[in-house]
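Take a look at the letters that make up each chain.
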Amino acid sequence: LLAALDGRTLSAADGDVLAAGINGPADVDFSEPTTANAVWPLDSRARWTVDGHVAAQVTRLPVPGATVAPGDGPLLALDVVVPANGYAPDVLRGVRVVNLGAAGPTALSAVELWRDGGDGAFGAGGDDLSLGTLSWTGASWQSPLLSFAVAPPGARLFLTVTVAAAAPESATVQLAIPPGGLEYESGNDGPLEALVDNPEALVVSTQPLLVALQAPAASVVGQTIEVRLTV
């Protein structure tokens, strides 16, 4: 008999050890009267230690794509809920993001990290608190050293961009947290295996009229939907 464990969705904390065993004969059932002889408990002595977290533990809240102008900002580009250390509180020490779009580092005058003030919506100058401006490292944007407490089940963070005045036409911004982009005091760093990105991009345009089209991500035949055109 083989027993398999999928720990990806468990709220385990960094350093927790996962194992399985059979405590005694009362935990084994047979279709016919049978005597079970063994040294109880049965233990394979296999141990799995939790180290880091996976992308599924980061909740991504989609930000609609939009057409923006040079100089605009701060504009919401990534909205996520980052996990604590499983069931245990933790301290977030650093956040690193990359741009999957075509905009180079000179197209952005600022990339900033914010903590949600509690209303669940980004608003610069409102209840949200800035956690600092990220610095370009040559391959990604890195936050300053943080000391941000994260309690279970997690904390909501916003990442915004300010478009440079000289940003080129049709430059695109699609921020993502790469593997290892979240650093914690406990060492519960991640995501381990995949990036967490915003599904839509911000598109820079120098045209006098900027147009954005917003529609539901999915619909069924015959359904009435609302499509919003913002000019």
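Residues numbered from 1 in each chain as written. Predicted model: local features only at pLDDT ≥ 70, side-chain atom pairs only at ≥ 80, totals over all residues. Heavy atoms only, no water.

Observations regarding the overall build of the protein
The number of helices and strands found in the protein is zero helices and 21 strands. In terms of overall dimensions, the protein is more spread out than a globule: its C-alpha atoms have a radius of gyration of 24 Å, far above the 17 Å expected for 231 residues. The principal-axis extent of the C-alpha atoms belonging to the protein is close to 85 × 50 × 30 Å. Taking all 231 residues of the protein together, 35% fall into the buried category. Across the protein, contacts joining residues at least 24 apart in sequence account for 73% of those joining residues at least 6 apart. Summed over its atoms, the accessible surface of the protein is roughly 13,100 Å², and 55% of this surface lies on carbon and sulfur atoms. (Helix = DSSP H or I, 4+ residues; strand = E, 2+ residues; numbered from the N terminus. Rg over C-alpha atoms; globule rule 2.2 N^0.38 Å. Buried < 20%, exposed > 50% of the residue type's maximum accessible area, 1.4 Å probe, protein only. Contact = heavy atoms within 4.5 Å. Areas by Shrake-Rupley, 256 points an atom, 1.4 Å probe, with all protein chains shown as cover.)

A look at the sheet that holds strand β15 (residues 172-173)
Taken together, three strands build an open sheet; the order of strands is β6-β19-β15 and the sheet is mixed. For this open sheet the edge positions go to β6 (66-68) and β15, each flanked by a neighbour on one side alone. Alignment of β6 against strand β19 (residues 202-204), held across three bridges, turns out to be parallel. In the strand pairing of β19, Ala66 is matched with Leu202. (Pairing = 2+ DSSP bridges.)

Focus: a nonpolar patch on the surface
Taken together, Leu209, Val211, Leu213, Ile225, Val227, Leu229 and Val231 make up a surface patch of nonpolar side chains, about 680 Å² in accessible area. Along the polypeptide, Leu213 turns up in strand β20 (residues 212-214). Judged by its relative accessible area of 60%, Leu213 falls in the exposed class. (Patch = residues over 30% accessible without salt bridge, like charges linked within 9 Å, V, L, I, M, F, W, Y side chains within 5 Å. Salt bridge = Lys/Arg side-chain N within 4 Å of Asp/Glu carboxyl O.)

Quick look at the packing of aromatic side chains
Going through the model one piece at a time under the given rule, you end up with three aromatic pairs. A network of ring pairs unites the aromatic residues Trp114, Phe122 and Phe158 as a single cluster. (Phe/Tyr/Trp six-rings, centres within 6.5 Å; stacked < 30°, edge-to-face > 60°.)

Focus: the pairing of strand β14 (residues 155-163)
Most of β14 is tucked away: eight of the nine residues are buried. The pairing of strand β7 (residues 75-82) with β14 spans seven bridges and is antiparallel. In the strand pairing of β14, Leu76 is matched with Thr160.

Describing the nonpolar core
Core analysis: the biggest nonpolar cluster contains 38 residues, and Leu92, Leu157 and Val161 have the highest contact counts within it. Ignoring anything within four residues of it in the chain, the contact list for Leu157 reads Leu78, Asp79, Val80, Val82, Leu92, Val95, Leu113, Trp114, Arg115, Leu131 and Phe148. (Core = buried A, V, L, I, M, F, W, Y, C linked by side-chain atoms within 4.5 Å.)

Considerations on the sheet that holds strand β5 (residues 59-60)
Paired through backbone hydrogen bonds, the strands of a sheet run either parallel or antiparallel to each other. A sheet is described by the order of its strands in space; here five strands give the open sequence β5-β7-β14-β9-β10, paired in antiparallel fashion. Since the sheet does not close on itself, it has two edges, and those belong to β5 and β10 (129-133), each with one partner. Strand direction decides the pairing type here: strand β9 (residues 108-115) and β10, joined by four bridges, are antiparallel. Bridge pairing in β10 places Trp114 opposite Ser130.

Thoughts on the side chain of Glu112
Along the chain, Glu112 turns up in strand β9. One polar contact links Glu112 to Ser130, side chain to side chain, over a distance of 2.5 Å. Excluding residues within four positions of it along the chain, Glu112 makes contact with Ser130, Gly132, Thr133, Leu134, Phe158, Leu159 and Thr160. (Polar contact = N/O pair within 3.5 Å; in protein donor to acceptor, adjacent residues only side chain to side chain.)

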